[in-house]
Amino acid sequence: MSPGSTLLRRGRLIDPRNGVDGVRDVLVRDGQVVRVSEAPLDVPDAHVVEAEGRWVLPGFIDLHVHLREPGEEGKETILTGCRSAVAGGFTAVVAMPNTKPVNDSVLVTEYVKAKAREADLCRVYVAGAITKGLQGEEMAEMGALVAAGCVCITDDGRPVMNAGLMRRALQYATQFDLPVMVHEEDLTLSGKGVMHEGRTSTRLGLIGIPPSAEVAMVARDLVLLEETRGRLHVAHVSCEGSVRLLREAKRRGLRVTAEATPHHFTLEDEAVGDYDTHARMNPPLRTRRDVEAVREALADGTIDAIATDHAPHGVLEKQVEFDKAWNGVVGLETALGLTLGAVREGALSLSRAVALLTDGPARAFGLPGGHLAPGAPADITVVEPDVEWTVDATRFFSRSRNTPFHGRRLTGRVAQTWVGGRLVFENGQMKESR
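Below: a short report on this structure. (Residues numbered from 1 in each chain as written. Predicted model: local features only at pLDDT ≥ 70, side-chain atom pairs only at ≥ 80, totals over all residues. Heavy atoms only, no water.)

## Focus on unusual backbone geometry
- With an omega of 10 degrees, the peptide bond between E69 and P70 qualifies as cis.
- Put simply, K100 and P101 share a cis peptide bond, and its omega is 10 degrees.
- Counting through the fold element by element, P101 comes out in the loop between β7 (90-95) and α2 (106-119).
- Within the chain, D120 stands out as a residue other than glycine whose phi angle is a positive 55 degrees.
- Here D120 falls in the partly exposed class, since its relative accessible area comes to 31%.
- If you check the backbone angles, D177 has positive phi at about 50 degrees while not being a glycine. (Helix = DSSP H or I, 4+ residues; strand = E, 2+ residues; numbered from the N terminus. Buried < 20%, exposed > 50% of the residue type's maximum accessible area, 1.4 Å probe, protein only.)

Pasting the structure below:
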């Protein structure tokens, strides 16, 4: 369906930025929201979508997604990643730079943007590398990356161990008011660890990663942030200690934002079970105490966004010995159900959960969308809140199947995804324009 006039009628609109939670009619025209009405609207020329009994939400925004193209198209392509995104209700994603070649240049940035236009499904924003080749040795050409359209810089799954280089990156990024996204890991502490250091790692005889590997780097970068007055975004927070530092930094007015993944606020390190490589990720799954701390931080605003860290891998990277397996899980198609699980368990209010998927990430990176007031992009996720379903990895739109949630029962599923007023996903099917 091409953009035009569409009336989503009598759905429960939940728009945290604008303080709306109630039955509304939403009128969309030419790719934008033009009217939101508590009273029923009569618009003769509009295509009517009956939304009664469903939630009408701002389109979800994921700040942390691996699309694997260029270089690892066997795991994911920009097209399959976008299909996975809209199936999960995400109307916008930020593509990480750890491609092959690394996105440390205008050429790769433009390639990703061109492939995203070709896919023509969700909005794809691009993250550039902090350092050339993600090697942590020499800064990439930040100004050129920003001019090409990068919305943040990050070395993604690699920490910037050189404190002086990290300080310079934060300083230089202030010229562009650019967020610097960081993977917080002190490699001298994590070493050859493959999971959280604790009882489960001891039982399995696996080398553990202590929480200090993350917390120490969060502390270092907050010190550098205070000195440079830059913008820092902490990826996939997993530790109670990190939460404590972030909460204090925000209280003192530092420009820091943070994200957490559904797997880190849902699973504990015991999910590794008997060497289940689908539960191997970095940072690793932590303890119940850490899970509760992350949930509290999501609820109180210490953590700004839910991000999936969608990391597709093939069978050859996962069906191996645990210490040889690659880190990461796919997450776009399970994020909503897992987030609503935290709502049902009382860890999050529904309004806060929606904000973490919409307004929070939009504000963190200064992206369009995240709300549905008149004038906003008509990026809309329609949810059937009471539908129960079982995660079946073989039916993912992603090209990869690496999830620890296969077989889990979830409640709440995406019925429709609209991007720029165009229906791109409905009831399990793509609505691609080609």
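## Looking at the packing of helix α11 (residues 335-344) against helix α12 (residues 350-357)
- Taken N-terminus to C-terminus, the directions of α11 and α12 make an angle of 155 degrees; their axes are 9 Å apart at the nearest point. Accordingly, the angle class assigned to the pair α11 and α12 is roughly antiparallel. Viewed along their axes, α11 and α12 form a crossing whose handedness is right-handed. Across from T339, L340 and V343 in α11, the residues of α12 making contact are L350, A353 and L357.
- A per-class count over the contact of α11 with α12 returns five nonpolar, one polar and no charged. (Axes fitted to C-alpha atoms, helices over the stretch in contact; angles between N-to-C directions. Parallel < 35°, antiparallel > 145°, perpendicular 65-115°, else oblique. Left-handed = near helix turned anticlockwise from the far one by under 90°. Contact = heavy atoms within 4.5 Å. Nonpolar A, V, L, I, M, F, W, Y, C, P; charged D, E, K, R; others polar.)

## Observations regarding the side chain of R280
- By secondary structure assignment, the location of R280 is in the loop between β14 (256-260) and α9 (288-300).
- One buried charged residue, R280, forms no salt bridge at all, with the nearest opposite charge on D323 at 6.1 Å.
- A polar contact of 2.9 Å, which involves the side chain of R280, links it to the side chain of N327.
- Excluding residues that lie within four positions of it along the chain, R280 makes contacts with G193, V194, K318, F322, D323, K324, A325, W326, N327 and G328. (Lys, Arg positive; Asp, Glu negative; His and termini not counted. Salt bridge = Lys/Arg side-chain N within 4 Å of Asp/Glu carboxyl O. Polar contact = N/O pair within 3.5 Å; in protein donor to acceptor, adjacent residues only side chain to side chain.)

## Quick look at the pattern of salt bridges
- Applying the stated criterion across every chain yields a total of 29 salt bridges.
- Between R422 and D120 there is a salt bridge; the shortest N-O distance is 3.1 Å. Within this pair, whereas R422 is found in strand β18 (residues 422-426), its partner D120 is found in the loop between α2 and β8 (123-128), the two being separated by 302 residues in sequence.
- R422 gets classed as buried once you look at its relative accessible area, which sits at 10%.
- Linked through salt bridges whose partners overlap, the residues forming this network are E226, E248, R251 and R252.

## Observations concerning the sheet that holds strand β13 (residues 232-234)
- In space, the eight strands of this open sheet follow the order β6-β7-β8-β9-β10-β13-β14-β15, with parallel pairing throughout. Edge positions in the open sheet fall to β6 (60-65) and β15 (305-306), since each of these has one partner strand only.
- Both β8 and strand β9 (residues 150-154) contribute to a ladder of three bridges, which runs parallel. The residue of β9 that forms the bridge with G128 is I153. (Pairing = 2+ DSSP bridges.)

## Overview of helix α7 (residues 212-228)
- The end-to-end C-alpha distance of α7, which contains 17 residues, comes to 24 Å, matching closely the 24 Å that a straight helix rising 1.5 Å per residue would cover.
- Turning to α7, its buried residues are A213, E214, V215, M217, V218, R220, D221, L222, L224, L225 and T228.
- Immediately beyond the C-terminal end of α7, within one or two residues, lies R229, with a positive phi of roughly 60 degrees. (Expected span 1.5 Å × (residues − 1).)

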